[in-house]
Amino acid sequence: MLGNPLVVPNLPTHKLPKETFGSRVKRFLARMNLGSQSAETRLRWKLYDTIQATMASLSPAVTLVAEKRAPAKSKKLSVPIVVVRHPYHLRHVFEMLPNIPDTHSAERRFLELLMTRALKRYGEQMALIKGSPFSFEHEAREYFFAGFRLEKQIKKVNSPDERFAALQAIHTSYFHGRNYYYFALLRREKLAPDNKLFMLFARAVYFMARVDWNGELLDKPNPRMLPSRDDMLFFVERDKSVVTRYRTDQDFQRQVKAVLEAFPAS
């Protein structure tokens, strides 16, 4: 967690997707409950609002009071402007990215570029604080292996209270590992060629879907808690270490295909 709000001085405004005049008119009419809008139009408006709110949250135009930021260009945004001290404060944007359809590819690319700039800046700030290079890949590996070690011991725990605490600790480790792996991909870190982060990521999200709402461990994952196959492909396509090895290693190809087939089709 940064002590001061995260500020990105090089926001890519020159690549900002422009909202058309017709879209602004339709939005004005929608506020007055006039006319009808398709789901695709409403999604496009939400993406425009998300872009404006995210840029305002990361804007260099910061007042002397840390919690006050320059106002967004539009006063009526459907997405909140937040103070960012950790990437988790932009979790709503990260969760949106894999679900943006190809029909809105321009907006998706711009949001991904924004998140890349934010993560790079956060990594720079953390490196200054720690006095050593900061790597999301390293953090993700530590969390994944911590959860994996606890997972191997869960069968030996008989006390209900201890089992609940152990499952909670595993879930927390996998939650952070999953997110830091995602951040490493969007930050475009050069992952080690022989890393196993994607496989660990898949194992983590599969295990997390087995943890029921009451803290019990189900025999099989809840399908509604699993990411879709398309969501998993989103990560595969951005993990250059997986893509490179997939092209030349047939055994690895079979492993990746088996992993993807374990997740529900969209």
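Residues numbered from 1 in each chain as written. Predicted model: local features only at pLDDT ≥ 70, side-chain atom pairs only at ≥ 80, totals over all residues. Heavy atoms only, no water.

1. Section: the overall build of the chain
Looking only at helices and strands, one finds ten helices and zero strands in the chain. Seen in sequence order, the chain has helices and strands lined up from the N terminus as α-α-α-α-α-α-α-α-α-α. Principal-axis analysis of the C-alpha atoms places the extent of the chain at approximately 60 × 45 × 45 Å. The buried share among the 266 residues of the chain stands at 43%. In the chain, the proportion of contacts linking residues at least 24 apart, taken out of those at least 6 apart, comes to 72%. Accessible area of the chain: about 15500 Å², with a carbon and sulfur share of 54%. (Helix = DSSP H or I, 4+ residues; strand = E, 2+ residues; numbered from the N terminus. Buried < 20%, exposed > 50% of the residue type's maximum accessible area, 1.4 Å probe, protein only. Contact = heavy atoms within 4.5 Å. Areas by Shrake-Rupley, 256 points an atom, 1.4 Å probe, with all protein chains shown as cover.)

2. Some thoughts on the nonpolar core
Membership of the largest hydrophobic core comes to 66 residues, with the highest contact counts inside it found for Leu111, Phe144, Tyr181 and Phe198. Of all the secondary structure elements, the ones that give two or more residues to this core are helix 2 (39-58), helix 3 (91-96), helix 4 (105-130), helix 5 (136-153), helix 6 (160-186), helix 7 (197-208), helix 8 (229-238) and helix 10 (250-261). The dominant element in this core, judged by the number of residues it contributes, is helix 6, at twelve residues. Once residues within four sequence positions are removed from consideration, phenylalanine 198 is found in contact with Tyr181, Met232, Val236, Asp239, Val242, Val259 and Leu260. (Core = buried A, V, L, I, M, F, W, Y, C linked by side-chain atoms within 4.5 Å.)

3. A word on a positive patch on the surface
On the surface, a cluster of positive charge is made up of Lys15, Lys120, Arg188, Lys240 and Arg247. By secondary structure assignment, the location of lysine 120 is in helix 4. A relative accessible area of 36% places lysine 120 in the partly exposed class. (Patch = residues over 30% accessible without salt bridge, like charges linked within 9 Å, V, L, I, M, F, W, Y side chains within 5 Å. Salt bridge = Lys/Arg side-chain N within 4 Å of Asp/Glu carboxyl O. Lys, Arg positive; Asp, Glu negative; His and termini not counted. Charge placed at Lys NZ, Arg CZ, Asp CG, Glu CD.)

4. Re helix 10
In this model helix 10 runs 17 Å from its N-terminal to its C-terminal C-alpha over twelve residues, within 8% of the 16 Å that 1.5 Å per residue would give. In the core, the buried residues of helix 10 are packed alongside helix 7, helix 8 and helix 9 (240-248). Structurally, the start of helix 10 carries an N-cap: the backbone nitrogen of aspartate 251 is 3.1 Å from a side-chain oxygen of aspartate 249. (Expected span 1.5 Å × (residues − 1). Polar contact = N/O pair within 3.5 Å; in protein donor to acceptor, adjacent residues only side chain to side chain.)

Function cannot be inferred from these measures alone, as they are strictly geometric.
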